[in-house]
Amino acid sequence: MCARILIIDDDQDFTEATQLLLQANGYQVTTAASGQEGFSKVKHDSPDLILLDMMMSYKTEGADIAKAIAADAASKEIPIVMITGAHKEMDFPFELRPQDKALPVRAVLEKPVKPESLLKIVEKCIKLNSQDHVKTVNQLEHLAAKWKGKKGNLVMILHEIQNHYGYVPRNVSFELSRILEVPMASIYEVLTFYNYFKLEAPGKHTISVCMGTACYLKGAPQILSELKRILHVEEEQTTQDKLFHLQVVRCLGCCGLAPVITIGSKVYGKVKTKEVMDILSLYVKEGSKNNE
Ligand code: FES
């Protein structure tokens, strides 16, 4: 199956030319001429990649659509490439660059877009691996057959997927939706109802912050805020570099050391807010040493 790309852009000439280019390179392309139409196509079609224009009916419509897509559990993992004819002098309330907090996109391309640059970025974002894809589909078909006609089969299949991957990847949910003929929305209803299911790949190190009574009274909320501030994540989220996953737990059984956090199997007791950065640095340094 070829990768599916959605172009959201009100510039008809650009949309048509880009659609032809991508189709000629083996991609399946759909288009939307407005942010609203694009957003509903994202929900309905669950594309593998979105090319999104920044300026449509107003200057920052693309940014608003990108944020709405990133805020929805069913679409947050879909990579977005922002395409814009706007240059710095347009005075945006944020910088037009990827990873900007106000702009949840993988890349920014300025019009006129060179075909080779576009194809390079598209390929990088999609990272099509047809062998992996076929393997995934085979595994899902096997699971669907195993649980066919059994009560609660969707939940059981999702459990098996999570045990296999450590989380439930969006593209796997999409294939499951196709095989079981169950809408994606129903799958995400189940995934978001049960805390057990994770929608993001787990980080290399899981940080658990104890919010049991003793830890809470000794400053755990401040430790949690500091971790969120430094890592730019909320609870149950993984940092962009996949190094840390942050979670909150109830009593870790060592209340005498309150406030307590654990990173992997290592326990840190009587933690002070000002020590949080140094503790995290140990893991960041360890990661960079391993990469050397
Ligand atoms: S309350 Fe935190 S370890 Fe018990």
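For the structure, see preceding data.
Since we're looking at a predicted model, the values are computed, not measured.

**Student:** Teacher, can you tell me more about the pattern of salt bridges here?
**Tutor:** Side-chain pairing between opposite charges can occur once the charged atoms of the two side chains come close. Tallied over the entire structure, the rule returns eleven salt bridges. The closest approach of N and O atoms between Asp11 and Lys111, which form a salt bridge, is 3.8 Å. One end of the pair, Asp11, is in the loop between strand S1 (4-8) and helix H1 (12-24); the other, Lys111, is in the loop between strand S5 (107-110) and helix H4 (115-126), and 100 residues separate them in sequence. On the basis of relative accessibility, which here comes to 16%, the residue Lys111 falls in the buried class. Among the ionic pairs, Glu236 bridges to Lys198, the shortest N-O distance being 3.5 Å. Of this pair, Glu236 sits in the loop between helix H10 (220-231) and strand S7 (237-238) while Lys198 sits in the loop between helix H8 (184-193) and strand S6 (205-210), and the two are 38 residues apart along the sequence. Residues joined in a network through salt bridges with shared partners are Asp9, Asp11, Asp53 and Lys111.

**Student:** How should the nonpolar core be read in this particular structure?
**Tutor:** Nonpolar side chains tend toward joint burial in soluble globular proteins. By size, the foremost hydrophobic cluster in this structure holds 25 residues, and its most contacted members are Ile207, Leu227, Ile263 and Leu280. Going through the elements one at a time, S6, H10, strand S8 (244-249), strand S9 (261-263) and helix H11 (276-291) are the ones with two or more residues in this core. Phe14, Leu22, Tyr27 and Cys125 belong to the second largest nonpolar core, which has 20 residues in total.

**Student:** Sorry, what's going on with the sheet that holds S7 here?
**Tutor:** Picture the strands of a sheet paired through backbone hydrogen bonds; they go either parallel or antiparallel. Strand order in this open sheet of five strands is S7-S8-S6-S9-S10, and the pairing throughout is mixed. A strand with exactly one partner marks an edge of an open sheet, and here the two such strands are S7 and strand S10 (266-268).

**Student:** How should I be thinking about the environment of Cys255 in this particular structure?
**Tutor:** In this fold, Cys255 is placed in the loop between S8 and S9. The partly exposed category is assigned to Cys255, whose relative accessible area is 40%.

**Student:** For this particular structure, what's the right way to read the packing of helix H2 (residues 35-45) against helix H3 (residues 61-71)?
**Tutor:** Packed helix pairs are specified by the crossing angle of their axes together with the interaxial distance, meaning the distance between the axes. Packing of H2 against H3 leaves a shortest axis separation of 10 Å and a crossing angle of 20°. In terms of their interaxial angle, H2 and H3 are classed as roughly parallel. The handedness of the crossing between H2 and H3 comes out as right-handed. Across the interface between the two elements, Gly35, Gln36, Phe39 and Val42 from H2 touch Glu61, Ile65, Ala68 and Ile69 from H3. Along the lines of polarity and charge, the residues of the contact of H2 with H3 split into five nonpolar, two polar and one charged.

**Student:** Can you walk me through the packing of helix H6 (residues 153-165) against H8 in this structure?
**Tutor:** One way to put it is that H6 packs onto H8 with a least axis distance of 11 Å and a crossing angle of 70°. It follows from the interaxial angle that H6 and H8 lie roughly perpendicular. Of the two possible hands of crossing, H6 and H8 adopt the one that is right-handed. For the pair H6 and H8, the contacting residues are Leu154, Val155 and Leu158 in the first and Ser186, Ile187, Val190 and Leu191 in the second. Partitioned by chemical class, the residues of the contact of H6 with H8 number six nonpolar, one polar and no charged.

**Student:** Quick question: what am I supposed to make of unusual backbone geometry here?
**Tutor:** For residues other than glycine, phi is negative in most cases, and the peptide bonds are mostly trans. Across the junction of Lys111 and Pro112, the peptide omega takes the value 0°, indicating a cis bond. Within the fold, Pro112 resides in the loop between S5 and H4. Here the amide bond leading from Ala258 into Pro259 is cis, since omega sits at 0°, within 30 degrees of zero. In this structure, Pro259 sits in the loop between S8 and S9. Phi angles above zero are rare outside glycine, and His232 is one such case at about 55°.

Cut-offs applied
Each chain carries its own residue numbering, running from 1 in the direction its sequence is written. Per-residue local features of the predicted model are confined to residues with pLDDT of at least 70, and side-chain atom pairs are confined, for both listing and counting, to 80 or more; whole-chain, interface and lining totals are unaffected and use all residues. To obtain the side-chain values, all non-hydrogen atoms of the structure were included, while hydrogens and water were left out. Whenever a carboxyl oxygen of Asp or Glu lies within 4 Å of a side-chain nitrogen of Lys or Arg, that contact is scored as a salt bridge. In this description a helix means any DSSP run of H or I spanning at least four residues, a strand means any run of E spanning at least two, and both kinds are numbered starting from the N terminus. Note on exposure labels: buried denotes an accessible area under 20% of the residue type's maximum, exposed denotes more than 50%, and partly exposed covers the range between, all computed with a 1.4 Å probe on protein chains only. In these notes, a set of buried Ala, Val, Leu, Ile, Met, Phe, Trp, Tyr and Cys residues joined through side-chain atoms within 4.5 Å is what counts as a nonpolar core. One bridge is not enough; two strands pair if DSSP finds at least two bridges between them. To define axes, lines are fitted to C-alpha atoms, for helices over the stretch in contact only, and angles between the resulting N-to-C directions are given on a 0 to 180 degree scale. Convention used here: angles under 35 degrees read as roughly parallel, angles over 145 as roughly antiparallel, angles from 65 to 115 as roughly perpendicular, and any remaining angle as oblique. In this scheme, a crossing is called left-handed if the near helix is turned counterclockwise away from the far one by less than a right angle; it is called right-handed if the turn is clockwise. When checking whether two residues touch, look at their non-hydrogen atoms; a contact exists if any pair is within 4.5 Å. Classification convention: Asp, Glu, Lys, Arg as charged; Ala, Val, Leu, Ile, Met, Phe, Trp, Tyr, Cys, Pro as nonpolar; all other residues, Gly among them, as polar.

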